[in-house]
Amino acid sequence: MSQMDVYVLLQTLISGILVGGIYCLIGIGLTVIFGVMRVINASHGELIMLAMYISYFLHQAFGLNPLFSVVVTAPALFLVGCVMQRGFVGRLRGSYAEDNSLLLTFGLGLVLANSVLLIAGADYRVVETAYSRAVWHVGGLSVSVAYLFSFGMALLFTAALYFFFMRSDLGLAIRATTQNRTAATLVGVDVERVSWISFGLGAALAGVAGALLTPIFYLYPTVGGLFTIKAFVVVVLGGMGSIVGAIYGGLALGIVESLGAVYISTGYKDAIGFIAFVLILVFRPGGLASGSRL
Amino acid sequence: MDVTKALRALVPAMFALSAFAASDRAQAQSKEPIRFGAPLALTGPVSSFGAQDRKAIEIAIEEINKAGGVGGRPLEPVYVDTGGKPDAARSAAERFSQRSDILFIWGTSTSAEGIVVAQVAQRNKIVFFTHVAAAPDLTSKGWDYVFRQNPMTIEYNLAFYDYLLKAVKPKSIFTVYENTLFGQSNNKAMSAFAEKNGIKYQSDAFEGGSQDFRPTLIKVKAAEPDVVFFSAYLLDAILLTRQARELAIKPRMFASSGAGFIFPEYLKGVGDAADNFFTAALWSPDLRYAGAKEFNEKWAKANEGNPAVYMHASSYASAYVITDVLKRAKTLTREAIKDSFKATNLQTAFGPVRFGSYSRDGVNFVNQNNLQTILVQAQGGKWVSVWPPEIATGKPIFPIPGLKP
């Protein structure tokens, strides 16, 4: 294996891990809503898109670095999530609630995307900051600082979520609600409150993702579709109900896509990712993290 | 009530009314606008092309209409938003063909749309006049009703090839291109050039909108080419450039095929990452064409100081070509207009316009304007024309500091 072959392999792996980190970040919010609460939120991508636009306009108007806009996007999206849950998703009742939430949230996603289209227009937008182009050169390999930072934040938030769910009362209450809604009510959990807080939390995490992605992706009203698909793959691949699973899922997807794109074909990158997804589920139906406690 | 009496009063009243109506119509007739179809991408991923083309032609149309239009009649483009989608362009063209007041069709924003509009126009015997669609197929099928003012993709890079052969003399080229008709035809053209001149050639395609181009760029870096050639639309162009710099790819020269790279938003979006990039272009405000500089000033005034790019100039100039065609047409019918287009010979701010037949690389083209293309380079944050020396006013910087010598 020549030096160039080694370089290609290492750089491909690094690239895959970093893109995987982005996938983790995108998937985290959905981990809470879909992974833990089992509510299908087909508008997850649109929530991220919304946060990106908020971040973009803050940058345009005040020169605010998108990374700092997290302090605006996270609470703003928390509110959006609460409204979605209280106003719409929480009203679904009955045995078909889970199936109906797909349709409902899909519709909400369409409304969000088209509202942004109406207000902000269809123009594609991009943010240029020094951070967007910062690179670390490590022994001939290149690491994008922006991607690395996003990965770091994904890990950080996953750890925070883990402790939240394992150690805090509210986290315990959420898990109880997910396991058995009636039993949770019986032991004194305010199930309604738990529901909108969790949804808000998931949306707030989407808000964090949006702010971090603004410097490195270009945005347009329908960019959410891309994110939603990847987020679902990440969460299911990692294992439903597993907080840590999003990390495994994101990394696995990123690495497989990267290797596939470089060594097989760039054009089939997405297809290779999905094939791997299917295969992994065939052999490990619970997802990559099945067997771990959370 | 006596019905007979009422009727007897009604008939002369109707005649009187119809006389008024007729005279009204006769008056409107002289100011009746001359309409043509304009299917453009006003929303969607290539909306910057469509929206700006519209802005540019409107500048010309306002000037032309203020000067009396064509025989006192104003020009009136009928815009239809295609979203950049060929299917939408096809249905727009069909509907235009069915309307008796539409004399010809002008546009489009992408080659993919242009080819379908050309087919529909040819079938319905209505002229399709394109000022910007560049895939060769539009004028290589012998379609009598299709006229093209701008050079084709296989010609885009002629100044670039000339420069490569005369000044750069590369041993290898790697092309990274977006996977639709525009990118594919660019790739084909570069590949043919490389083969003809014994230059090693590799290429990789990407899906527009994929945000992450690193897998492709890793392959580029591994190949260590002398020249890296990009063919992409705007946002992909920005991310490609950023990621290429991130991966520290160092060929002797980065070049691209116009389109996304030529917009001022590109240079703004990449900062100094694009310093000394070359781009094949069809026009530059600093060329020695009468009216070029003036149009650029008008455009900049209306667009926050941004310089005009070739699409804008071509769009602007096409309105003057249209006016010249309509003035020379024996009658304002679709057939006569086609004949008038054929006889065009006009100097414009975009360059000379004559629709003729010629062949290139063994393929025959008809109704194609044979316009010289150029090479521009990003110098000090602006695109400067650097080749060919006869019409360019700047000088190329090569070898490029920071890259392979």
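Residues numbered from 1 in each chain as written. Chains lettered and ligands numbered in written order. Predicted model: local features only at pLDDT ≥ 70, side-chain atom pairs only at ≥ 80, totals over all residues.

Trainee: Before we move on, can you summarise the sheet that holds strand 9 (residues 253-256) of chain B with the specific residues and values?
Mentor: Residue and element names in this part refer to chain B. Spatially, seven strands are ordered 7-6-8-9-10-15-16 in an open sheet, and the strand pairing comes out mixed. Each of the sheet's edge strands pairs with one partner strand only, and the pair in question is strand 7 (200-206) and strand 16 (382-387). When strand polarity is set aside, the average angle formed by the axes of neighbouring strands in this sheet is 25 degrees. Each of strand 6 (172-178), strand 7 and strand 8 (227-231) is contacted by helix 8 (residues 181-196), which is oriented at about 170 degrees to strand 6, the strand it contacts most. (Pairing = 2+ DSSP bridges. Helix = DSSP H or I, 4+ residues; strand = E, 2+ residues; numbered from the N terminus. Axes fitted to C-alpha atoms, helices over the stretch in contact; angles between N-to-C directions. Contact = placed C-beta atoms within 7 Å.)

Trainee: Give a description of helix 7 (residues 158-168) of chain B that names residues and reports values.
Mentor: Listed as buried for helix 7 of chain B are Ala159(B), Phe160(B), Tyr161(B), Tyr163(B) and Leu164(B). Lys169(B) sits one or two positions beyond helix 7 of chain B and adopts a positive phi of about 45 degrees. (Buried ≥ 20, exposed ≤ 12 C-beta atoms within 10 Å, placed from the backbone.)

Trainee: If you had to explain the interface of chain A and chain B to someone new, which residues and values would you point to?
Mentor: Contact residues are listed per partner, giving 26 residues for chain A and 29 residues for chain B. Those elements that provide at least two residues to the side of chain A that touches chain B are helix 1 (3-36), helix 5 (130-133), strand 1 (135-138), strand 2 (141-144) and helix 11 (245-264) of chain A. In terms of residues, the side of chain A that touches chain B owes the most to one element, helix 1 of chain A, which gives seven residues. Within the side of chain A that touches chain B, the residues separate by chemical class into twelve nonpolar, ten polar and four charged. (Nonpolar A, V, L, I, M, F, W, Y, C, P; charged D, E, K, R; others polar.)

Trainee: An account of the confidence of the model for chain B is requested, with residue identities and associated values reported.
Mentor: Per-residue pLDDT for chain B averages 89, and the proportion of residues at 70 or more is 94%. When the criterion is pLDDT under 50, residues 20-29 of chain B qualifies, and its contacts beyond four places in sequence or with other chains add up to zero contacts. (pLDDT = per-residue confidence, 0-100.)

Trainee: Outline the domain arrangement of chain B, supporting the account with residue identities and numerical values.
Mentor: Residue and element names in this part refer to chain B. Domain assignment breaks chain B into domain 1 (34-151 + 290-369) and domain 2 (155-281 + 374-387). Domain 1 and domain 2 are separated by 27 Å when their C-alpha centres are compared. Listed as interface residues are 15 residues of domain 1 and, on the opposing side, 16 residues of domain 2. (Domains from an automatic or database assignment.)

Trainee: I'd like a rundown of the confidence of the model for chain A, residues and numbers included.
Mentor: Predicted confidence across chain A gives a mean pLDDT of 88, with 97% of residues reaching 70 or more. Across chain A, element-level confidence peaks in helix 2 (residues 44-62) of chain A with a mean pLDDT of 95 and bottoms out in helix 5 of chain A with 82.

Trainee: Account for the pairing of strand 8 of chain B, naming residues and giving values.
Mentor: All names here are of chain B. Where burial is concerned, most of strand 8 is hidden: five out of the five residues are buried. Going residue by residue along strand 8, you find Val227, Phe229 and Ser231 tucked away on one face and Val228 and Phe230 tucked away on the opposite face as well. In terms of strand pairing, strand 6 meets strand 8 through five bridges, oriented parallel. Each residue of the ladder has a partner; that of Tyr177, found in strand 8, is Ser231. Inspection of the sheet shows strand 8 paired to strand 9 by four bridges, in the parallel sense. Pairing of Val227 across the sheet is with Met253, part of strand 9. A crossover connection joins strand 8 to the parallel strand 9 through helix 10 (residues 234-246); in handedness this β-α-β unit is right-handed. (Right-handed = clockwise from strand over helix to strand, strands pointing away.)

Trainee: Explain helix 10 of chain B residue by residue, including any values.
Mentor: End to end, helix 10 of chain B covers 19 Å across 13 residues, agreeing with the expected 18 Å (1.5 Å per residue, within 8%). Burial analysis of helix 10 of chain B places 13 of its 13 residues in the buried class, the great majority of the element. (Expected span 1.5 Å × (residues − 1).)

Trainee: Quick one: what's the story with unusual backbone geometry, residue by residue and with numbers?
Mentor: Note on backbone geometry: most residues besides glycine have negative phi, and most peptide bonds are trans. Residues and elements named next belong to chain B. The step from Trp387 to Pro388 runs through a cis peptide bond, and the omega angle for that step is 0 degrees. Within the secondary structure layout, Pro388 lies in the segment after strand 16. Although it is not a glycine, Lys125 sits at a positive phi angle of roughly 55 degrees. Note that Lys125 resides in the loop between helix 4 (111-124) and strand 4 (127-130).

Trainee: Would you mind going over the environment of Gly37(B) in detail, with residue names and values included?
Mentor: All names here are of chain B. Relative to the assigned elements, Gly37 resides in strand 1 (residues 34-40). Under the C-beta neighbour-count criterion, Gly37 is labelled buried, with 24 such atoms within 10 Å. Taking C-alpha positions, Gly37 is 7.8 Å from Leu103, a pair spaced 66 residues apart along the chain.

Trainee: Just give me the short version of the packing of helix 2 (residues 47-66) of chain B against helix 13 (residues 310-328) of chain B, but keep the residues and values in it.
Mentor: Residues and elements named next belong to chain B. The N-to-C vectors of helix 2 and helix 13 enclose an angle of 40 degrees; their axes lie 8 Å apart at closest approach. Classed by the angle they form, the pair helix 2 and helix 13 counts as oblique. Here helix 2 runs over helix 13; the crossing is right-handed. Taking contact as the criterion, the partners of Phe49, Gln52, Asp53, Ala56, Ile57, Ile59, Ala60, Ile61 and Ile64 in helix 2 are, on helix 13, Met311, His312, Ser315, Tyr316, Ser318, Ala319, Tyr320 and Thr323. (Parallel < 35°, antiparallel > 145°, perpendicular 65-115°, else oblique. Left-handed = near helix turned anticlockwise from the far one by under 90°.)

Trainee: Explain the nonpolar core residue by residue, including any values.
Mentor: Counting residues in each nonpolar core, the largest one holds 221 residues, and the members touching the most others are Ala209(A), Ile105(B), Ala121(B), Val127(B) and Leu375(B). The dominant element in this core, judged by the number of residues it contributes, is helix 1 of chain A, at 14 residues. Looking at which domains feed residues into this core, each of domain 1 (34-151 + 290-369) and domain 2 (155-281 + 374-387) of chain B supplies at least three. (Core = buried A, V, L, I, M, F, W, Y, C linked by C-beta atoms within 7 Å.)

Trainee: Just give me the short version of the environment of Glu46(A), but keep the residues and values in it.
Mentor: Residues and elements named next belong to chain A. Inspection of the secondary structure puts Glu46 in helix 2. Remark: the alpha-carbon pair of Glu46 and Ser258, spanning 212 residues in sequence, is separated by 25 Å. When neighbours within four sequence positions are excluded, Glu46 is seen to be in contact with Gly109, Leu112, Ala113 and Gly224.

Trainee: So what about the packing of helix 7 (residues 169-179) of chain A against helix 9 (residues 191-213) of chain A? Which residues, and what values?
Mentor: Residue and element names in this part refer to chain A. The interhelical angle for the contact between helix 7 and helix 9, taken along N-to-C directions, is 105 degrees, at an axis separation of 10 Å. Viewed along their axes, helix 7 and helix 9 adopt a mutual orientation that is roughly perpendicular. Across from Leu170, Ala173, Ile174 and Thr177 in helix 7, the residues of helix 9 making contact are Val191, Val194, Ile197 and Ser198. Classifying every residue of the contact of helix 7 with helix 9 by side-chain character gives six nonpolar, two polar and no charged.

Trainee: Explain the pairing of strand 7 of chain B to me, and be specific about the residues and the numbers.
Mentor: Residues and elements named next belong to chain B. Two strands pair when backbone bridges link them, and strand 6 and strand 7 are joined in this way by seven bridges, in the parallel orientation. Counted as the bridge partner of Glu178 is Phe206 from strand 7. What joins strand 6 to strand 7 is helix 8, and the crossover it makes is right-handed.

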